[in-house]
Amino acid sequence: MFDKMLNRLRQASLPVLAASLLSTGTMIAPLSVQADMFSSDKFSFYGDFRLRFEADWDSSNSSGKKRTDRNRARIRARVGLKYKPTENFEYGVRLRTGSDRSAQSPHITIVDFDNQDTGAAQLNFDKWFLKAKYNGLWGWVGRNSIPFWKQNEMFWDDDVTPSGIAAGYKLKSGETEFGLNTGYFSLPVGMQAFSGNVGLGQLVLSTKASGNKFTASAGALIFDANPDDDETDIVFDNGKRVLLLNDTYKMDYTVWVGSLQAKLKAGGLPLTIGLDWMHNDKDYDTTTTPKRDERDGYVISLKLGKLKNKGDWLLGYYYAHIEKYAVNSAYAQDDWVRWGTAGEAQGSDMKGHEFRAAYSPMDKLKIVARLYLVEAITENNQEDGNRFRLDFNYKF
């Protein structure tokens, strides 16, 4: 019943949803008030465009066989519309590029310099939601980004948008802020189907002192898979049945996440230090799940500088150690490795480094270079690889 309700919301048009919100008030409101509710300043249009040059080299699969080096140009485009009839209510939709098969990546390969397949290119709505807030309370229903404070994408990719309901509370006292985030969602399989659910809860505490900011958070994501659902076996790509990585979609996870972050001043420059710890508390059957004890992960990060205004620059370093079942890799990051399939990255059982440099030559444009050096953790997995990305990101 919950999934049917979400599908109806997704299929509803902007005028229908807006009219539903306003029907009671507009029955008795003067015409001038109605006109104000639909005035142009209630609507906001936004989006972003990315041009990416990507190189993968010296990469091996799990058996140690070398993969073909790959050099390609890719793009990402997203456009959204928000309607805010009052200070307390908001409706939003967003359209993105990418493949129907992938919830993790909105990118389209436009040129493969090694004459390999460029892959699928489709458009999908990845956000459609109704949001409300009152004082420190907030909530939304529909499809949106998860309400979980994080400083990287190791346990949840920013591009993955589940469907469901979320609610939370923020309380601020002086320089200290307390936040509670909760939600229950249907999990995407590709971009057009859903299977299984995830519930989450998180506490976030931040405080400022002498120009420095400190944040601590603790929470959990509880994945409840539906292994009998056919959607975990296939998605459709131009009418073709495509197999997915079933061991991730068909498994339950209870992933606890604890994070610490300090934003300091180092010689007048912003310095951000981060630490994340992940632990999957799910106990698996030893006969059906190899590597069952590999359920921990951590990330250490350092960033110097910022990227807000023209002329800003940033240098960053990350070290990640993510064991096989520390995260549900079907919904975790797809940046670090080439492992997995075109529709689903397999970003676990890995350790390695990210080196980052970024510069903002003009307002709304950021140039980001990232180098990844990664290898598998377990001895019988010989996967490794090097990856370089150069992104030109423009927002409007």
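Residues numbered from 1 in each chain as written. Predicted model: local features only at pLDDT ≥ 70, side-chain atom pairs only at ≥ 80, totals over all residues. Heavy atoms only, no water.

> Go over the packing of aromatic side chains with me, naming the residues and quoting the values.
Taken as a whole and judged by the stated rule, the model has 13 aromatic pairs. Seen in terms of ring centroids, Y253 and Y284 are 6.3 Å apart; in terms of plane orientation they differ by 75 degrees. Their pairing is edge-to-face. One end of the pair, Y253, is in strand 13 (residues 253-266); the other, Y284, is in the loop between strand 14 (269-280) and strand 15 (296-305), and 31 residues separate them in sequence. Owing to a relative accessible area of 1%, Y253 belongs among the buried residues under this scheme. Seen from their ring centres, Y298 and Y319 are 6.2 Å apart, and the 40 degrees between their planes marks the pair as tilted. Taken as a pair, Y298 in strand 15 and Y319 in strand 16 (residues 313-322) lie far apart in primary sequence, 21 residues in all. Ring pairing ties together the aromatic residues W156, F223, Y253, Y284, Y325 and Y331, which thus form one cluster. The cationic tip of K82 hangs over the ring face of Y46; the distance from NZ or CZ to the ring centre is 5.3 Å. (Phe/Tyr/Trp six-rings, centres within 6.5 Å; stacked < 30°, edge-to-face > 60°. Helix = DSSP H or I, 4+ residues; strand = E, 2+ residues; numbered from the N terminus. Buried < 20%, exposed > 50% of the residue type's maximum accessible area, 1.4 Å probe, protein only. Lys NZ or Arg CZ within 6 Å of the ring centre and 35° of its normal.)

> Quick one: what's the story with the confidence of the model for the protein chain, residue by residue and with numbers?
Scored by pLDDT, the protein chain has a mean of 87; 84% of the residues are at 70 or more. Note that pLDDT drops below 50 for residues 8-31; the model gives that stretch 26 contacts with residues more than four away or on any other chain. (pLDDT = per-residue confidence, 0-100. Contact = heavy atoms within 4.5 Å.)

> An account of the pattern of salt bridges is requested, with residue identities and associated values reported.
Evaluation of the coordinates by the stated rule reveals 18 salt bridges. Of the charged contacts in the structure, one is a salt bridge between D56 and R387, with a shortest N-O distance of 2.7 Å. Placement of D56 in strand 1 (residues 43-60) and of R387 in strand 19 (residues 384-395) is noted, with a sequence separation of 331 residues between them. Of the two residues, D56 and R387, both sit in the buried class. The structure contains a network of salt bridges with shared partners spanning E54, D56, R70, R72, D335, R387 and R389. (Salt bridge = Lys/Arg side-chain N within 4 Å of Asp/Glu carboxyl O.)

> Go over empty space enclosed by the protein with me, naming the residues and quoting the values.
Within the structure shown, the criterion is met by three cavities of 30 Å³ or more. Forming the boundary of the largest cavity are D56, S59, W336, V337, R338, W339, Y372, V374, D384, G385, N386 and R387. Elements with a minimum of two residues in the lining of the largest cavity: strand 1, strand 18 (365-376) and strand 19. Examining the composition of the lining of the largest cavity, we find that four residues originate from one element, strand 19, more than from any other. In the lining of the largest cavity, the residues fall into five nonpolar, three polar and four charged. Taken as a whole, the second largest cavity encloses approximately 50 Å³ of empty space. Contributing elements (two or more residues each) for the lining of the second largest cavity: strand 9 (193-209), strand 10 (212-224) and helix 4 (246-249). (1 Å grid on protein atoms, 1.4 Å probe; cavity = no way out; pocket = protein on both sides within 12 Å on 5 of 7 lines; lining within 4 Å. Points joined across faces, edges and corners; volume = space filled by probe spheres on them. Nonpolar A, V, L, I, M, F, W, Y, C, P; charged D, E, K, R; others polar.)

> I'd like to hear about the environment of Y46, residue by residue, with values.
Within the secondary structure, Y46 is located in strand 1. Put simply, Y46 and V79 are 33 residues apart on the chain and 5.8 Å apart in space, counted from C-alpha to C-alpha. Setting aside residues no more than four positions away along its own chain, Y46 makes contact with R78, V79, G80, L81, K82, V93, R94 and F396.

> Any details on the side chain of D112? Residues and values, ideally.
As for its placement among the helices and strands, D112 is situated in strand 4 (residues 108-112). Reaching out from D112, the side chain makes a polar contact with the backbone nitrogen of D114 at a distance of 2.9 Å. Here the side chain of D112 touches Q116 through a polar contact of 3.2 Å, landing on its backbone nitrogen. Other than its neighbours up to four places away in sequence, D112 contacts R70, N71, R72, D117 and T118. (Polar contact = N/O pair within 3.5 Å; in protein donor to acceptor, adjacent residues only side chain to side chain.)

> Before we move on, can you summarise the environment of Q261 with the specific residues and values?
Looking at the element boundaries, Q261 is found in strand 13. Assessed through its relative accessible area of 11%, Q261 is described here as buried. Sequence-distant contacts of Q261, that is, excluding residues within four places in its chain, are made with W149, Q151, K213, F214, T215, T272, I273 and G274. At a separation of 3.0 Å, a polar atom in the side chain of Q261 contacts the side chain of Q151.

> Summarise the pairing of strand 19; cite the residues concerned and give the values.
In this structure, strand 1 lies alongside strand 19, joined through 11 bridges in antiparallel fashion. Along strand 19, the bridge assignment pairs S60 with D384. Both strand 18 and strand 19 contribute to a ladder of 11 bridges, which runs antiparallel. Opposite V374, over in strand 19, you have G385 as the bridge partner. (Pairing = 2+ DSSP bridges.)

> Pulling in residues and values, what's your account of the layout of surface pockets?
In this model, the second largest pocket occupies a volume close to 660 Å³. The wall of the second largest pocket is formed by 30 residues, among which R70, R72, R74, T341 and A342 lie closest to the centre. Contributing elements (two or more residues each) for the lining of the second largest pocket: strand 2 (70-83), strand 4 and strand 19. Residue composition of the lining of the second largest pocket, grouped by class: six nonpolar, 12 polar and 12 charged.

> Could you give an account of a nonpolar patch on the surface, naming the residues involved and the relevant values?
A cluster of nonpolar side chains, Y134, L137, Y169, L171, F178, L180, L203 and L205, forms an exposed patch at the surface whose accessible area comes to about 730 Å². If you list the elements that add at least two residues to the nonpolar patch, you get strand 7 (163-173), strand 8 (176-189) and strand 9. As for its position among the elements, Y169 is in strand 7. The exposure class of Y169 is partly exposed, given its relative accessible area of 31%. (Patch = residues over 30% accessible without salt bridge, like charges linked within 9 Å, V, L, I, M, F, W, Y side chains within 5 Å. Areas by Shrake-Rupley, 256 points an atom, 1.4 Å probe, with all protein chains shown as cover.)

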